Amino acid sequence: MRGHFITFEGGEGSGKSTHAAALAQRLKSLDLEVVLTREPGGSTGAEIIRHILLSGIAKPLGAETEAILFAAARDDHVRSTILPALDAGHWVICDRFIDSTRVYQGILGNVDQRLIRSLERVTVGPAVPELTFILDVPAQVGLARAKSRRGQDAADRFEAESMEFHEKLRQAYRALAGEEPARCVLIDGRAPRDVVAEKIWSTVRERLHPDTAGIAEATGT
Ligand code: T5A
């Protein structure tokens, strides 16, 4: 695995897609090869499973079955998209990954941690993120943003959960950031977009040195 793997996490409407795309753009401006992807989805098979999960038709089967479906999608995504890109030395930026399963299904859905960790071991293999940005916004702010973005469309399976669910989700992400400080960076997502983007960019520069990566790529060192 020669590339770099960065993930974005957080509640609904916290700004993950916005900032994953902004970071991808910045890395591309340095002539780096970047793959911007998302979960659930990011490969043909996983996009089919995304449709099943977000439509809510799997909800009656319970959180454990949903966790297994997210894992099936991840397995396809990791094998078809993420690992080939990392092996080719590319930068992979993923909108949601393992922490979403840990938090949504593990903590909020009460799925046994041993099952969550086993599914993770099987699906992720060497594709462990080096850096994870957790965008933190109050549930009310995130849901209002998500609602204004989707317009007249109906809320999906998880967005439609209660305010209490989304506030617990926020607390679970904050706790996770505290448990894994070497990988996870908690970012205040309430700040203006450019402030959030600068914080993300300075962290990536400090930890993964993209400015010199382009030179190394070009010279094969
Ligand atoms: N899920 C996923 C699980 O339960 N388990 C799993 O293992 C996985 C992988 C995915 C759902 O699946 C669940 C979690 C999710 O519920 P999704 O459609 O991919 O669903 O939805 P989300 O990931 O929640 O994405 P959203 O699009 O809702 O939120 P984002 O990406 O966090 O927010 P973004 O960037 O689209 O921004 C929302 C709006 O806010 C504005 C943007 O312009 C946009 O309009 N915005 C800001 N406004 C003001 N200030 C800022 N700083 C702003 N940043 C963004």
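So, how was this worked out
Residues numbered from 1 in each chain as written. Predicted model: local features only at pLDDT ≥ 70, side-chain atom pairs only at ≥ 80, totals over all residues. Heavy atoms only, no water. Near = heavy atom within 4 Å. Polar contact = N/O pair within 3.5 Å; in protein donor to acceptor, adjacent residues only side chain to side chain. Areas by Shrake-Rupley, 256 points an atom, 1.4 Å probe, with all protein chains shown as cover. Helix = DSSP H or I, 4+ residues; strand = E, 2+ residues; numbered from the N terminus. Nonpolar A, V, L, I, M, F, W, Y, C, P; charged D, E, K, R; others polar. 1 Å grid on protein atoms, 1.4 Å probe; cavity = no way out; pocket = protein on both sides within 12 Å on 5 of 7 lines; lining within 4 Å. Points joined across faces, edges and corners; volume = space filled by probe spheres on them. Expected span 1.5 Å × (residues − 1). Buried < 20%, exposed > 50% of the residue type's maximum accessible area, 1.4 Å probe, protein only. Arc of directions from axis to C-beta. Contact = heavy atoms within 4.5 Å.

(A) Representation of the site of the ligand in the model. Around the ligand sit 27 residues in total, of which Lys-16, Ser-17, Thr-18, Thr-101 and Arg-149 are the nearest. One nitrogen or oxygen atom from the side chain of Lys-16 is found 2.6 Å from an oxygen atom belonging to the ligand. Side-chain polar atom of Arg-193 to an oxygen atom of the ligand: 2.9 Å apart, as the coordinates give it. Here the ligand has 1000 Å² of accessible area as a free molecule, and 88% of this is covered by the chains. Among the elements of the structure, helix 1 (16-28), helix 2 (44-55), helix 3 (63-87), helix 4 (98-108) and helix 6 (139-150) are those that each provide at least two residues to the shell around the ligand. A breakdown of the residues in the shell around the ligand according to their chemical character gives seven nonpolar, ten polar and ten charged.

(B) Molecular detail of the layout of surface pockets. One number sums up the size of the largest pocket: a volume of about 910 Å³. What lines the largest pocket is a set of 37 residues, among which Glu-12, Gly-13, Lys-16, Ser-17 and Arg-149 lie closest to the centre. Counting only elements with at least two residues in the lining of the largest pocket, the list comes to helix 1, helix 2, helix 3, helix 4, helix 6 and helix 8 (193-208). For the lining of the largest pocket, the class distribution of residues is twelve nonpolar, ten polar and 15 charged.

(C) Region of interest: empty space enclosed by the protein. All told, the structure shown has three cavities of 30 Å³ or more when counted by the stated rule. Here the largest cavity is characterised by a volume of approximately 60 Å³. If you trace the largest cavity, you find it lined by Gly-11, Glu-12, Val-137, Pro-138, Ala-139, Gly-142, Leu-143, His-166, Leu-169 and Arg-170. Looking at the lining of the largest cavity, the elements with two or more residues in it are helix 6 and helix 7 (163-179). For the lining of the largest cavity, the residue count by class is five nonpolar, three polar and two charged. Within the residue set of the lining of the second largest cavity, elements represented by two or more residues are strand 4 (131-136) and helix 7.

(D) Inspection of helix 1 at higher detail. Between its first and last C-alpha atoms helix 1 spans 18 Å; for 13 residues at 1.5 Å apiece the expected length is 18 Å, and the two agree. Those residues of helix 1 that fall on the buried side of the exposure criterion are Lys-16, His-19, Ala-20, Leu-23, Ala-24 and Leu-27. Looking down the long axis of helix 1, one finds its buried residues gathered within 140° of arc, a one-sided arrangement.

(E) View of unusual backbone geometry. The residue after Glu-39, namely Pro-40, is reached through a cis peptide bond having omega -10°. Among the structural elements, Pro-40 can be located in the loop between strand 2 (34-38) and helix 2. You will see that Asn-110, though not glycine, has its phi angle at about 55°, which is positive. Its location among the elements puts Asn-110 in the loop between helix 4 and helix 5 (113-124). Look at Asn-110 and you get exposed, because its relative accessible area is 67%.

(F) A look at the environment of Ala-58. Relative to the assigned elements, Ala-58 resides in the loop between helix 2 and helix 3. Among residues more than four places away in sequence, those in contact with Ala-58 are Ile-52, Glu-66 and Leu-69.

Read these as spatial facts, not as claims about activity.
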